[in-house]
Amino acid sequence: MLTLTKSPSSPFVRKARVVALETGVADQVTLVDTDPWNPDDPLPDTNPLGKVPALVDGEGQVFAGSTLICEYLDSLHNGRKVIPESGPERWRVLRLHAMADGVMEAAVARIIEEMRRPKEFLWPGWIDRQTAKITRTLDVLEAEAAAGRLQDPPLLGEIALACALGYLDFRFAVIGWRDGRPALTAWAEGMASRPSLVETKPYAPQ
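Residue positions are given per chain, counted from 1 along the sequence in the order it is written. Only residues with pLDDT of at least 70 are given local features in this predicted model, and only at 80 or more are side-chain atom pairs given and counted; all residues enter the totals for whole chains, interfaces and linings. Excluding hydrogens and water, the side-chain figures rest on all heavy atoms present in the structure.

Draft legend 1. Summary view of the sheet that holds strand β2 (residues 29–33). Taken in spatial order, the 4 strands make up an open sheet running β2-β1-β3-β4, and their pairing is mixed. Across the chains shown, the open sheet's two edge strands, defined by having one partner strand only, are β2 and β4 (62–64). Direction aside, the axes of adjacent strands within the sheet are offset by 20 degrees on average. Strand pairing is assigned whenever DSSP detects at least two bridges linking the two strands. Counting from the N terminus, the helices are the DSSP runs of H or I reaching at least four residues and the strands are the DSSP runs of E reaching at least two. Of the pairings in the sheet, the one linking strand β3 (residues 54–56) to β4 comprises 3 bridges and is antiparallel in character. Across the sheet, the residue bridging to Ala54 is Ala64, located in β4. Helix axes are fitted only over the stretch in contact, all axes being lines through C-alpha atoms; the angle between N-to-C directions runs from 0 to 180 degrees.

Have a look at this one:
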């Protein structure tokens, strides 16, 4: 049995959980709640980086980082792989995944600045920089969606993108990412109805 540490709001945790559900291996994974910001939380005993997600296998090996975890989960089944093994489709998926992960990283960096840094030390320039990364990348992804390059059923790139957009809805409605991006909006709305996305919808920890 595998153990996955999680927090309810992390888009990176959500990505790993969606991969587990989409590949049919979720029944092999036990979810363990954790709070990375609580200094008394035992998470660092599992993952010395103190980050979620972290996956522990039956031998006690720790897989840190959502991308590595997704690749490991994808190795546990014999169905359609969410990470193609070779060819142009592999590079399309990895390229899309890298952009979607970059959106998540920028969004998390912004929320940490806004929610964790003392207000008197808030750095507006940092917030603007992260927001610009998000909006530029979404403009590129709008073109990808408009050209019909997003796969259904989703592969890892599409899964990461759906999680990134879901996180923007959850944390940054003020950005209005749908404005001027009709193709990406339509695609995201379709993806949001998939059972794997419905089951893993983010929420604020209690």
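Draft legend 2. Main features of the nonpolar core. In these notes, a set of buried Ala, Val, Leu, Ile, Met, Phe, Trp, Tyr and Cys residues joined through side-chain atoms within 4.5 Å is what counts as a nonpolar core. Relative accessible area decides the class of each residue, using a 1.4 Å probe on protein chains only: under 20% of the type maximum gives buried, over 50% gives exposed, and in between gives partly exposed. Within the largest apolar cluster, 50 residues are counted, with the highest numbers of intra-cluster contacts made by Leu73, Leu138, Leu161, Leu165, Leu168, Leu184 and Trp187. Of all elements in the fold, only β1 (2–6), α1 (11–23), α3 (66–74), α4 (87–116), α5 (124–146), α6 (156–171) and α7 (182–192) reach the threshold of two or more residues within this core. Counting residues per element, this core draws most heavily on α6, at 10 residues. Contact criterion: two residues are considered in contact whenever any of their non-hydrogen atoms come within 4.5 Å of each other. The contacts of Leu73, once residues within four sequence positions are left out, are Leu2, Ala16, Val19, Ala20, Thr23, Val25, Val29 and Leu55.

Draft legend 3. Representation of the packing of aromatic side chains within the structure. Centres within 6.5 Å are what make two rings of Phe, Tyr or Trp a pair, Trp counting through its six-membered ring; a difference in plane orientation under 30 degrees is then read as stacked, over 60 as edge-to-face, and the rest as tilted. Scanning the entire structure with this criterion turns up 3 aromatic pairs. Ring centres of Phe63 and Tyr72 lie 4.3 Å apart, and the angle between their planes is 25 degrees; this geometry places the pair in the stacked category. Aromatic pair Tyr167 and Phe170: ring centres 6.3 Å apart, planes at 55 degrees, arrangement tilted. In this pair, Tyr167 and Phe170 are both assigned in helix α6, 3 residues apart and thus about one turn of the helix distant. Judged by its relative accessible area of 4%, Tyr167 falls in the buried class. In this scheme, the term charge over a ring applies when either NZ of a lysine or CZ of an arginine sits within 6 Å of the ring centre and within 35 degrees of the ring normal. Positioned over the ring face of Trp91 is Arg90, at 5.5 Å from the centre of the ring.

Draft legend 4. Structural detail: the pattern of salt bridges. Should a side-chain nitrogen of Lys or Arg be within 4 Å of a carboxyl oxygen of Asp or Glu, the pair is scored as a salt bridge. Tallying each qualifying case throughout the model produces 12 salt bridges. A salt bridge links Glu22 to Arg194; the nearest nitrogen and oxygen atoms lie 2.9 Å apart. Residue Glu22 is found in helix α1, and its partner Arg194 is found in the loop between α7 and α8 (195–199); the two are separated by 172 residues along the sequence. Given the relative accessible area of 25%, Glu22 is considered partly exposed. Linking Glu144 and Arg95 is a salt bridge whose minimum nitrogen-to-oxygen distance equals 3.4 Å. Pair noted here: Glu144 is in helix α5 and Arg95 is in helix α4, with a separation of 49 residues, a long-range link. Note on Glu144: relative accessible area 10%, which makes it buried. A single salt-bridge network, built from bridges that share partners, covers Glu22, Asp152 and Arg194.

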